Amino acid sequence: MSGARVTSYIGGAFVDHGGSEIELLNPQTGTSTVRIVETGAADIARAVMDARGTFAAARLWPLHRRSELLKAAAEALTDDAERVAALISEDVGKPIRVARVEVRRAVEFIHACASAALTIGGEVLPLDSVPNGVGHFGFTRSAPFGVVGAITPFNAPANLLIQKVAPAIAAGNSVVVKPALSGTRAALAMADLFHKAGWPAGLFNVVTGDREAALALAADDGVDVVSFTGGTLAGQALVRAAGIKKFVAELGSNAANIVMADADIDDAAKKIAAAGFEASGQQCISAQRVLVERPVFDEFVEKFAAAASRIKVGPASDPTTDIGPMVHRAAADRVMEMCRDAVERGGRYALEPRQDGCTVSPGILVDLSFEARLWREEVFGPIAVVVPFESVDEALRLANDSPFGLQGAVFTKSIATAMRFSSDFDVGSLWINEASRFRLDMYPFGGMKQSGTGREGVRYAIEELSQIKFTGMLL
């Protein structure tokens, strides 16, 4: 092995407790980047205990103090945005232009949480609405849980980490993060940046490692809430480890995008192509299943393939690249194997994907068997399948034929059709005339069925990481 040794960040300092090492390879070059230390359960317990000590003070901070700390973090990340973006591009394979956008979005999200922190409140309850409540006064207030254990994915190592850390701090908690291997250096960079910007030691700790470290963090009795973004199978293992504590999860998906005959077909094809293939399709809401009303099916497939062909595949370091390498070779191999399975079951390519090491170009399949893995599973790669339908009822049946239900999309000019899908499409979030990867941070984002529990989004994430306390008194 070669490359620097990467260790945990606990109590405002990098801490190396020994342990086995995991080699992280650069997905563009295949060469060793760093060696990540697998943090053991005892050292994870230390990180949690350290965070709990800081929480004892943090829970007493006024709202303006929480907001000020978040603003300081946003400024620090802004000042060092290029370095963090470069780490993301190198370790994940994300095109540098897209990595820069991700860091900017993380900064904007921190600012939004800083503003929202100033509005956290409660309500007075009308206890005299029942006879026994006359002469009594009652109110609610928001209270933090304590220590939030956040387990974050590789595909947006800055943004999806901040989506957990900033709301946790706004709510008055401390945080211990176990990032995905490929997101480790970005997470450590942000923890160190925020500490140097004035965050107290222990408010934001990072423990390094893979599956065992994640399970140990979730299981630790000092963790009060587990917040996880990742695959459904991993989520099931973590919730078993966590036990009775609160578990917030954004899990897998197989996002359906529905195109009605009355839609703007050019617009739908371009938006769904970007949603399906950019970021190498490695987002939980990337467009995977595209359902198209029969009269416009052929036209859509032609324009969809043309739009996909215009997306630039290239090295992550090139600012003009739209699709760089996938996170590692095994991910690219898995995507191509799912394509082969679909073709063996009768599917055919409208646009054939090509693999070059970790890089996979956009692929589009039609005539798909519903037994194919590409229909049933989450591909998490730059592949989409296009399936025709005859009616709204059939489109709903096909769209809901999935164990997942995170975010979907419908393209139509009909308000009545849009409202029908709003009622009957089983997803946590639905966009009309935007593709499934479109996301804003102020709305409640989360899934139905096996796509998760709880909601993210500025105010909603703060509420998920807060408890409601009631106080009643006899006047």
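In the block above lies the structure referred to throughout.
Residues numbered from 1 in each chain as written. Predicted model: local features only at pLDDT ≥ 70, side-chain atom pairs only at ≥ 80, totals over all residues. Heavy atoms only, no water.

Engineer: Just to check I follow, could you spell out helix H7 (residues 211-219) for this structure?
Structural biologist: If you check which residues of H7 are buried, you get Ala213, Ala214, Leu215, Ala216, Leu217 and Ala218. Taken together, the buried residues of H7 touch helix H1 (41-58), strand E8 (147-152), strand E9 (174-179), strand E11 (225-229) and helix H8 (232-242). (Buried < 20%, exposed > 50% of the residue type's maximum accessible area, 1.4 Å probe, protein only. Helix = DSSP H or I, 4+ residues; strand = E, 2+ residues; numbered from the N terminus. Contact = heavy atoms within 4.5 Å.)

Engineer: When you look at the side chain of Thr232 in this model, what are you seeing that I'm missing?
Structural biologist: Considering the arrangement of structural elements, one finds Thr232 in helix H8. A polar atom in the side chain of Thr232 sits 3.2 Å from the backbone nitrogen of Gly252. A polar side-chain atom of Thr232 sits 3.1 Å from the main-chain carbonyl oxygen of Gln450. (Polar contact = N/O pair within 3.5 Å; in protein donor to acceptor, adjacent residues only side chain to side chain.)

Engineer: Just to check I follow, could you spell out the environment of Gly209 for this structure?
Structural biologist: In this fold, Gly209 is placed in the loop between strand E10 (204-206) and H7. Owing to a relative accessible area of 0%, Gly209 belongs among the buried residues under this scheme. Here the alpha-carbon distance between Gly209 and Gly40, two residues 169 residues apart in the chain, equals 8.6 Å.

Engineer: What exactly am I supposed to notice about the pattern of salt bridges here?
Structural biologist: Any two side chains of opposite charge can pair, so long as their charged atoms come close to each other. Applying the stated rule across the entire model yields 33 salt bridges. Between Arg5 and Glu21 there is a salt bridge whose closest N-O contact spans 2.1 Å. Linking Arg5 in strand E1 (residues 4-6) with Glu21 in strand E4 (residues 21-25), this pair joins segments that are 16 residues apart in sequence. Accessibility expressed as a relative area gives 26% for Glu21, which makes it partly exposed. Where salt bridges share partners, they join Arg5, Asp16, Glu21 and Arg35 into one cluster. (Salt bridge = Lys/Arg side-chain N within 4 Å of Asp/Glu carboxyl O.)

Engineer: It is not clear to me how the packing of helix H3 (residues 81-92) against helix H6 (residues 184-196) should be interpreted in this structure. Could you clarify?
Structural biologist: When two helices pack together, their arrangement is given by the angle between their axes and by how far apart the axes lie. The geometry of H3 relative to H6 is characterised by a closest axis approach of 9 Å and an angle of 165° between their N-to-C directions. It follows from the interaxial angle that H3 and H6 lie roughly antiparallel. In this structure, H3 crosses over H6, and the sense of that crossing is right-handed. Each of Arg83, Val84, Leu87, Ile88, Glu90 and Asp91 in H3 lies in contact with H6, whose residues at this interface are Arg185, Ala186, Ala189 and Leu193. (Axes fitted to C-alpha atoms, helices over the stretch in contact; angles between N-to-C directions. Parallel < 35°, antiparallel > 145°, perpendicular 65-115°, else oblique. Left-handed = near helix turned anticlockwise from the far one by under 90°.)

Engineer: Which parts of the structure should I look at to understand unusual backbone geometry?
Structural biologist: The general pattern is negative phi for most residues beyond glycine and trans for most peptide bonds. Of note in this structure, Ala279 is not a glycine but carries a positive phi near 60°. With respect to the element layout, Ala279 can be found in the loop between helix H9 (265-277) and strand E14 (287-293). The buried category is assigned to Ala279, whose relative accessible area is 13%. Non-glycine residue Ser280 carries a positive phi angle of around 55°. With respect to the helices, strands and loops of the structure, Ser280 is situated in the loop between H9 and E14.

Engineer: Looking at this structure, how should I read the packing of aromatic side chains?
Structural biologist: Here the distance between the centres and the angle between the planes together describe a pair of aromatic rings. A complete count under the given rule lists twelve aromatic pairs for this structure. An angle of 45° between the planes, with centres 5.9 Å apart, marks the rings of Phe194 and Phe204 as tilted. Taken together, the residues Phe194 in helix H6 and Phe204 in strand E10 connect sequence positions ten residues apart. In this pair, the class of Phe194 matches that of Phe204, namely buried. With a centroid separation of 4.8 Å and an interplanar angle of 85°, the aromatic rings of Trp431 and Phe438 are classed as edge-to-face. Every member of this aromatic cluster is reached through a ring pair, and the members are Phe194, Trp199 and Phe204. Against the face of Trp375 rests Arg289, its NZ or CZ located 5.0 Å from the ring centre. A cation over a ring is seen here: Arg439 above Phe445, with NZ or CZ 3.7 Å from the ring centre. (Phe/Tyr/Trp six-rings, centres within 6.5 Å; stacked < 30°, edge-to-face > 60°. Lys NZ or Arg CZ within 6 Å of the ring centre and 35° of its normal.)

Engineer: Help me understand H8 in this model?
Structural biologist: An α-helical turn contains 3.6 residues, so any two residues separated by three or four positions project in the same direction. By the burial criterion, the buried members of H8 are Thr232, Gly235, Ala237, Leu238 and Ala242. Along its buried surface, H8 packs onto E8, H7, E11, strand E12 (246-250) and strand E20 (404-405). Gly243 occupies a position one or two residues after H8 and carries a positive phi of about 75°.

Everything listed here is a matter of geometry and, on its own, says nothing about what the molecule does.
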